[in-house]
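Fold and geometry: a report
Take a look at the letters that make up each chain.
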Amino acid sequence: MSRKLIVGNWKMNGNLASNDALVRELLGGIGQPACDVAVCPPGIYVAQLQSLLAGSPIDLGVQNVSMNENGAYTGDVSAEMLKDYGVRYAIVGHSERRQHQAENDVHVALKAKRALAAGITPIVCVGETLRERESGMTEFIVKRQLSAVIHLNGHCISEIVVAYEPVWAIGTGQTATPEQAQSVHAVLRAQIKAATEKADRVRILYGGSMNAANAAELLSQPDIDGGLIGGASLKSADFLKIIAAARA
Ligand code: PGA
């Protein structure tokens, strides 16, 4: 298995001054990390972050990408445009976008395809709501969400990153137990294995209230290859602790 990957999802937080301060604190403490690291600021700040992160061990990601290539799509930003700014990763299908922007499995699969075509690694988010978990549908939901992406992206599927983010754990402080997370990760790994011989290359991140205190145990699970971190990625000390916990 390749190095673990720790990604900060800043969501709609920050400004020029606070981004600058956060990145300087991170770069001051990160040293030579034993894992890959990326941060995903709001899209408007990619140019700022590109210059702040240049030559550093932290890669640049974004929180969304257009499902269209170019043209009359007011408000959209294409994968090629993001590539111009050195963007390496694009989160696609985050549950907040599925919920508030009505993104569905087909949109998410198209976004992954556009990212891959531009040489950007999509971080494909899947996860069940509390109601779905309580009605025993977790496996069905995450497999359905991932299968749309596999279906459209075929042989490129070994190039993606997957993030399992139970919706009930996002921003709630209610983390999935390591066992709960591992069992879903194993399901996703098996699904990827059925689609590509290179399934072991695909990193499956856990996201949902991962923090400095619980990261090490989650990251020690056999199929948890990293984390997608929201709230705790906005505090440099916490994010650095999570990075330190992510050894191969
Ligand atoms: P959280 O968010 O760490 O604040 O729960 C994770 C995410 O939504 O990616």
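The structure reproduced in this document is the subject of the present report. All values reported here derive from a predicted model rather than from experimental measurement. (Residues numbered from 1 in each chain as written. Predicted model: local features only at pLDDT ≥ 70, side-chain atom pairs only at ≥ 80, totals over all residues. Heavy atoms only, no water.)

What follows deals with the nonpolar core. Among the nonpolar cores identified, the biggest contains 64 residues, and Ile6, Ile160, Val162, Leu188 and Tyr206 are the most heavily contacted of them. When near neighbours in sequence (up to four residues on either side) are disregarded, Leu188 contacts Val126, Val142, Leu146, Val162, Tyr164 and Ile204. (Core = buried A, V, L, I, M, F, W, Y, C linked by side-chain atoms within 4.5 Å. Buried < 20%, exposed > 50% of the residue type's maximum accessible area, 1.4 Å probe, protein only. Contact = heavy atoms within 4.5 Å.)

Glancing now at the site of the ligand. Close contacts around the ligand come from 13 residues, with Lys11, His94, Glu165, Gly171 and Ser209 the closest. Asn9 places a side-chain nitrogen or oxygen 3.5 Å from an oxygen atom of the ligand. His94 has a polar side-chain atom sitting 2.7 Å from an oxygen atom of the ligand. Alone, the ligand offers 280 Å² of accessible surface; in the complex the protein occludes 95% of this. Residues of the shell around the ligand, tallied by class, amount to four nonpolar, seven polar and two charged. (Near = heavy atom within 4 Å. Polar contact = N/O pair within 3.5 Å; in protein donor to acceptor, adjacent residues only side chain to side chain. Areas by Shrake-Rupley, 256 points an atom, 1.4 Å probe, with all protein chains shown as cover. Nonpolar A, V, L, I, M, F, W, Y, C, P; charged D, E, K, R; others polar.)

In contact at an axis separation of 9 Å, helix H1 (residues 16-30) and helix H10 (residues 236-245) are set at 40° when each is read in the N-to-C sense. Crossing of H1 against H10: the hand is right-handed. On H10, the residues touching Leu22, Glu25, Leu26, Gly29 and Ile30 of H1 are Ser236, Phe239, Leu240 and Ile243. (Axes fitted to C-alpha atoms, helices over the stretch in contact; angles between N-to-C directions. Helix = DSSP H or I, 4+ residues; strand = E, 2+ residues; numbered from the N terminus. Left-handed = near helix turned anticlockwise from the far one by under 90°.)

Let us now look at helix H7 (residues 138-153). Taking 1.5 Å of rise per residue, the 16 residues of H7 would be expected to cover 22 Å, and the 23 Å separating its terminal C-alpha atoms lies within 8% of that figure. Every buried residue of H7 is accounted for by Thr138, Ile141, Val142, Gln145, Leu146, Ala148, Val149, Ile150 and Asn153. Contacts from the buried residues of H7 go to helix H4 (95-100), helix H5 (105-117), strand E5 (121-126), helix H6 (130-134), strand E6 (161-164) and helix H8 (178-195). Gly154 sits one or two residues past H7 and shows a positive phi near 40°. (Expected span 1.5 Å × (residues − 1).)

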